[in-house]
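Structure assessment
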Amino acid sequence: MSERQPGRMQSIKGTLAQLMVQKGYAQVQTADACQKAWDVAAGERLAQHSIAGNVTRGTLLVMVANSTISQMISFQKPQILKSLQQQLPDHNITDLKIKVGRID
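Residues numbered from 1 in each chain as written. Predicted model: local features only at pLDDT ≥ 70, side-chain atom pairs only at ≥ 80, totals over all residues. Heavy atoms only, no water.

Looking at an unreviewed UniProt entry, one finds the chain named DUF721 domain-containing protein and attributed to Blastopirellula marina.

Considering the environment of Asp32
Mapping Asp32 onto the fold places it in helix H2 (residues 25-47). Residue classification places Asp32 among the partly exposed residues on the basis of a relative accessible area of 40%. Sequence spacing of Asp32 and Ala52 is 20 residues, and the spatial spacing of their C-alpha atoms is 9.0 Å. (Helix = DSSP H or I, 4+ residues; strand = E, 2+ residues; numbered from the N terminus. Buried < 20%, exposed > 50% of the residue type's maximum accessible area, 1.4 Å probe, protein only.)

Observations regarding the nonpolar core
Grouped together as the largest cluster of nonpolar side chains are 19 residues, with contacts concentrated most on Trp38, Leu60, Val62, Ile73, Ile80, Leu84 and Leu96. Every element with two or more residues in this core is listed here: H2, strand E2 (59-64), helix H3 (67-75) and helix H4 (77-87). Take this core: its biggest share by element is six residues, from H2. Residue contacts for Leu96: discarding those within four places in its chain leaves Trp38, Thr59, Leu60, Val62, Ile73, Lys77, Ile80, Leu81 and Leu84. (Core = buried A, V, L, I, M, F, W, Y, C linked by side-chain atoms within 4.5 Å. Contact = heavy atoms within 4.5 Å.)

Dropping the structure here:
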């Protein structure tokens, strides 16, 4: 734990941000925000058969139930990306990586 320097007070915002990082809350909030944005961008039909994952270097990982859903997302990719970029401008999403797998 770092020592406080005399005369320097850490802002509440800084303290909260540090605590959130230490406890992993920021990652949970980011994952939740990505999932909500994905649900809107993909639409109800595709969203019920897919799950948004993490954003890595501008690429959002999306797990899908089967190859048919993967193909449907690929056809709508430009519109989906535009919606994600509008909803999550700080995430800098520029691409989707679609993987077929279990989405329980």
